[in-house]
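For reference, the chains in residue letters:
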Amino acid sequence: LMRSSAASDVYKRQKKDVVIKKRVLIYTGSLAQNGLTTSLLNLLSNLDGDSDYILTYRENSIRKNPERLNKLPDRFRKAPIAGEFCMSVSELICYCLYFKLDISSGVIIKRLEKFFRREWKRLFGEFNVSTAVQFTGYEYGIINLFEQFDGNRIIFVHNDMVSEIKPVSYTHLT
């Protein structure tokens, strides 16, 4: 080891020159040919290089049309969500009670929060992201997953969600 002041100055300059970028995870949805995808691509084309962007999507939502991934700019990293959520039997029961039958209790909510927190760590725990963006604004499973992230959370709202809740049964998005 060198202990000279010159070596110390070099180390300080190298340390100062290191740029730590914020890491942002963006859920893209299925990349179907629709307005959401057009809006997403427009957003991505306007993002600067100040952050490290990771795009995520459900792998099985693009399985039939993998060419949809070609729409995404190469400068972004991709991290597909493979398979389905990994639930225990009790978590599956709570999931069905809450999301399918609209039955809620403190026990059900706590169990689902624990489940989604564990899934977040399983899927994205190693990414060390500072911000999680749920771009589509739909998909209650993904919304609840992103809700368990401890950093900055953003959900894009593309429509008047309040008017959509009643006829389409998105009651768990409020």
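One numbering rule holds for all chains: residues counted from 1, following each sequence as written. Local features in a predicted model are, by the rule used here, given only for residues with pLDDT of at least 70; side-chain atom pairs are given and counted only at 80 or more, and totals for whole chains, interfaces and linings are based on all residues. Note that the side-chain values use all heavy atoms of the structure and ignore hydrogens as well as water.

Considering helix H3 (residues 89-100)
Part 1 of the argument: Compared with an ideal rise of 1.5 Å per residue, which puts 12 residues at 16 Å, H3 spans 16 Å between its outermost C-alpha atoms and is within 8% of the ideal.
Part 2 of the argument: By the burial criterion, the buried members of H3 are Glu-91, Cys-94, Tyr-95, Tyr-98 and Phe-99. Buried residues along H3 cover an arc of 105° about the axis, so they all sit on one side. The exposed set on the far side of H3, more than 90 degrees from its buried face, consists of Val-89 and Lys-100.
Part 3 of the argument: Against helix H4 (106-124) and helix H5 (140-147) lie the buried residues of H3.
Part 4 of the argument: Under the scheme used here, helices are H or I runs from DSSP no shorter than 4 residues and strands are E runs no shorter than 2 residues, and both carry numbers assigned from the N terminus. Directly after H3, the chain includes Asp-102, whose backbone phi takes a positive value near 60°. Multiplying 1.5 Å by the residue count of a helix minus one yields the expected span of that helix. Accessible area is worked out with a 1.4 Å probe on protein chains only. A residue is then buried under 20% of its type maximum, exposed over 50%, and partly exposed in between. To be clear, the arc concerns the directions from the helix axis to the C-beta atoms. Contacts between residues were defined by any pair of non-hydrogen atoms, one from each residue, lying within 4.5 Å.

Here's the deal with the packing of H3 against H4
Part 1 of the argument: Lines fitted to C-alpha atoms define the axes, with helix axes restricted to the stretch in contact, and inter-axis angles between N-to-C directions lie between 0 and 180 degrees. Between H3 and H4, the least distance of the axes is 9 Å, while the angle of their chain directions is 115°. Considering the relative orientation of H3 and H4, their crossing is left-handed. Between H3 and H4, the contacting residues are Ser-90, Glu-91, Cys-94, Tyr-95, Leu-97, Tyr-98 and Phe-99 on the first element and Ile-108, Ile-109, Arg-111, Leu-112, Phe-115, Phe-116 and Arg-118 on the second. Working rule for handedness: look at the near helix, and if it is turned counterclockwise from the far one by less than a right angle, call the crossing left-handed; if clockwise, right-handed.

Describing the state of the cysteines
Part 1 of the argument: Cysteine sulfurs are considered disulfide-paired once they come within 2.5 Å of each other. Under the definition given, this model contains 0 disulfides.
Part 2 of the argument: The structure places no disulfide on Cys-96, whose sulfur is separated from the nearest cysteine sulfur, that of Cys-94, by 9.6 Å.

Some thoughts on the sheet that holds strand E4 (residues 131-134)
Part 1 of the argument: With respect to topology, 5 strands assemble into an open sheet ordered E3-E2-E1-E4-E5, the strand pairing being parallel. Taken across any chain shown, the strands that pair with only one partner, and hence form the sheet edges, are strand E3 (77-78) and strand E5 (152-155).
Part 2 of the argument: Strand pairing requires that DSSP identify at least two bridges connecting the strands. Here strand E2 (residues 51-56) runs beside E3; their pairing, made up of 2 bridges, is parallel. Counted as the bridge partner of Leu-55 is Lys-78 from E3.

Regarding the nonpolar core
Part 1 of the argument: Put simply, buried Ala, Val, Leu, Ile, Met, Phe, Trp, Tyr and Cys residues joined by side-chain atoms within 4.5 Å make one nonpolar core. Counting residues in each nonpolar core, the largest one holds 23 residues, and the members touching the most others are Leu-25, Leu-112, Phe-116, Trp-120, Phe-124, Leu-145 and Phe-146.
Part 2 of the argument: If you list the elements that add at least two residues to this core, you get strand E1 (22-27), H3, H4 and H5.
Part 3 of the argument: In this view, Phe-146 contacts Leu-25, Tyr-27, Thr-56, Trp-120, Phe-124, Ala-132, Val-133, Gln-134 and Arg-153; residues no more than four positions away in its chain are not counted.
Part 4 of the argument: With 12 residues, the next largest nonpolar core counts Ile-26, Leu-40, Leu-44 and Leu-55 among its residues.

Points about the pairing of E5
Part 1 of the argument: Where E4 lies against E5, 4 bridges are found, and the strand directions are parallel. In the strand pairing of E5, Val-133 is matched with Ile-154.
Part 2 of the argument: Between the parallel pair E4 and E5, the chain is carried across by H5, and the sense of this crossover is right-handed. Orienting the strands away from the viewer, one traces the path from the first strand over the helix to the second; a clockwise path indicates a right-handed crossover.

Here's the deal with the pattern of salt bridges
Part 1 of the argument: Here, a salt bridge means any side-chain nitrogen of Lys or Arg that lies within 4 Å of a carboxyl oxygen of Asp or Glu. Evaluation of the coordinates by the stated rule reveals 8 salt bridges.
Part 2 of the argument: With its nearest N and O atoms 4.0 Å apart, the salt bridge here joins Arg-111 to Glu-91. One end of the pair, Arg-111, is in helix H4; the other, Glu-91, is in helix H3, and 20 residues separate them in sequence.
Part 3 of the argument: Relative accessible area serves as the criterion here: at 2%, Glu-91 is assigned to the buried category.
Part 4 of the argument: Between Arg-122 and Glu-119 there is a salt bridge, with its nearest N and O atoms 2.7 Å apart. In this pair, Arg-122 and Glu-119 are both assigned in helix H4, 3 residues apart and thus about one turn of the helix distant.
Part 5 of the argument: Given a relative accessible area of 41%, Arg-122 falls into the partly exposed group.
Part 6 of the argument: Ionic contacts of the salt-bridge type, sharing partners, join the residues Arg-23, Asp-52 and Arg-77 into one network.

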